[in-house]
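# Structural overview for review
Each chain is listed here by its residues.
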Amino acid sequence: MTLDELKESFELIDDWEERYRILIELGNNLPHFPEEQRIEANRVEGCTSNVWLISKRDEEDPQRLIFLADSDAYIVKGLISLVLMAYSGATPEQIRKTDIRDIFQTLGLEKNLSPNRRDGFYSMVDRIHELAAQAEAADTRA
């Protein structure tokens, strides 16, 4: 599912229980996160639930970053899916230019998630921006 498809689905569904179910389904389809990467260095600070996030270069296009993440909470896994839809496979420049806060509000999540979940979501976004900046800095040094 793409972000546009998710927006369309959410526009057709008024019931937040159903929207949460969709998020949970998205989270259940996250790519495999390596068990050995569930370490403190990869944990996202600011999330109430445990969230681990790593990045790697796309093997076919090293300018692009691939993100993998996982959590121990179902709704958070769905939020991770949103973050990965927005950022995984993008270049650091594209990541810098993507306004996920607008997407978050368009989906109605700004109003319908607890403040802790909302803060955790933005902590994941901040961490992705940090990883993208590190990758970009490494590119300029090379």
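Residues numbered from 1 in each chain as written. Predicted model: local features only at pLDDT ≥ 70, side-chain atom pairs only at ≥ 80, totals over all residues. Heavy atoms only, no water.

## So, the overall build of the protein chain
The line we're drawing: The numbering of helices and of strands both runs from the N terminus, where a helix is a DSSP run of H or I of at least 4 residues and a strand a run of E of at least 2. Remark: exposure states derive from per-residue accessible area (1.4 Å probe, protein chains only) relative to the maximum for the residue type, with buried under 20%, exposed over 50%, and partly exposed in between. In what follows, a contact means two residues having at least one pair of non-hydrogen atoms within 4.5 Å.
In terms of regular secondary structure, the protein chain is built from 7 helices and 2 strands. Scanning the protein chain from its N terminus toward the C terminus, one meets helices and strands in the order α-α-β-β-α-α-α-α-α. Scored against the burial criterion, the 142 residues of the protein chain give a buried share of 46%. Long-range contacts, defined as pairs at least 24 residues apart, comprise 60% of the intrachain contacts of the protein chain with a sequence gap of at least 6.

## Some details on the packing of helix H1 (residues 3-12) against helix H2 (residues 16-28)
Going by this rule: Here, axes are lines fitted to C-alpha atoms. For helices the fit covers the stretch in contact, and angles between N-to-C directions go from 0 to 180 degrees. Between 65 and 115 degrees an angle is taken as roughly perpendicular, under 35 as roughly parallel, over 145 as roughly antiparallel, and anywhere else as oblique. Take the far helix as your reference; a near helix turned counterclockwise from it by less than a right angle gives a left-handed crossing, and one turned clockwise gives a right-handed crossing. Gly counts as polar in this scheme, as do all residues outside two lists: the nonpolar Ala, Val, Leu, Ile, Met, Phe, Trp, Tyr, Cys and Pro, and the charged Asp, Glu, Lys and Arg.
Two numbers describe how H1 lies on H2: the axes approach to 9 Å, and their chain directions differ by 155°. Here H1 lies roughly antiparallel to H2, going by the angle between them. The handedness of the crossing between H1 and H2 is right-handed. Facing H1, whose interface residues are Leu6, Phe10 and Glu11, H2 presents Trp16, Arg19, Ile22, Leu23 and Leu26. A breakdown of the residues in the contact of H1 with H2 according to their chemical character gives 6 nonpolar, no polar and 2 charged.

## Here we look at the packing of H2 against helix H3 (residues 74-87)
Two numbers describe how H2 lies on H3: the axes approach to 7 Å, and their chain directions differ by 70°. Relative to H3, the element H2 lies roughly perpendicular. On H3, the residues touching Tyr20, Leu23, Ile24, Leu26, Gly27 and Asn28 of H2 are Tyr74, Ile75, Lys77, Gly78, Leu79, Ser81, Leu82 and Met85. Residues belonging to the contact of H2 with H3 are distributed by class as follows: 9 nonpolar, 4 polar and 1 charged.

## Side note on the environment of Asn116
You can see Asn116 is positioned in helix H7 (residues 115-141). Assessed through its relative accessible area of 48%, Asn116 is described here as partly exposed. Sequence separation of Asn116 and Ile128 is 12 residues, and the distance between their C-alpha atoms is 19 Å.

## Overview of the nonpolar core
Which entries qualify depends on this criterion: Side-chain atoms within 4.5 Å link the members of a nonpolar core, which is a set of buried Ala, Val, Leu, Ile, Met, Phe, Trp, Tyr and Cys residues.
Grouped together as the largest cluster of nonpolar side chains are 43 residues, with contacts concentrated most on Phe67, Leu79, Leu82, Tyr87, Leu109, Phe121 and Met124. If you list the elements that add at least two residues to this core, you get H1, H2, strand S1 (51-57), strand S2 (65-71), H3, helix H5 (100-106) and H7. Looking at which element gives the most residues to this core, the answer is H3, with 9 residues. Not counting residues within four places of it along the chain, the set of residues in contact with Leu79 comprises Leu23, Phe104, Leu109, Leu113, Arg117, Phe121 and Met124.

## Describing the pattern of salt bridges
Rules: Salt bridges are counted wherever a side-chain nitrogen of Lys or Arg sits within 4 Å of a carboxyl oxygen of Asp or Glu.
Scanning the model with the defined rule gives 10 salt bridges in all. Here Glu35 ties to Arg38 by a salt bridge, and the two come within 3.2 Å at their closest N and O atoms. For Glu35, a relative accessible area of 56% gives the class exposed. Where Asp70 meets Arg38, a salt bridge forms, and the shortest distance between an N and an O atom there is 2.5 Å. With a gap of 32 residues between them, Asp70 in strand S2 and Arg38 in the loop between H2 and S1 connect regions that are remote in the sequence. Connected via shared salt-bridge partners are Glu35, Arg38, Asp70 and Lys77.

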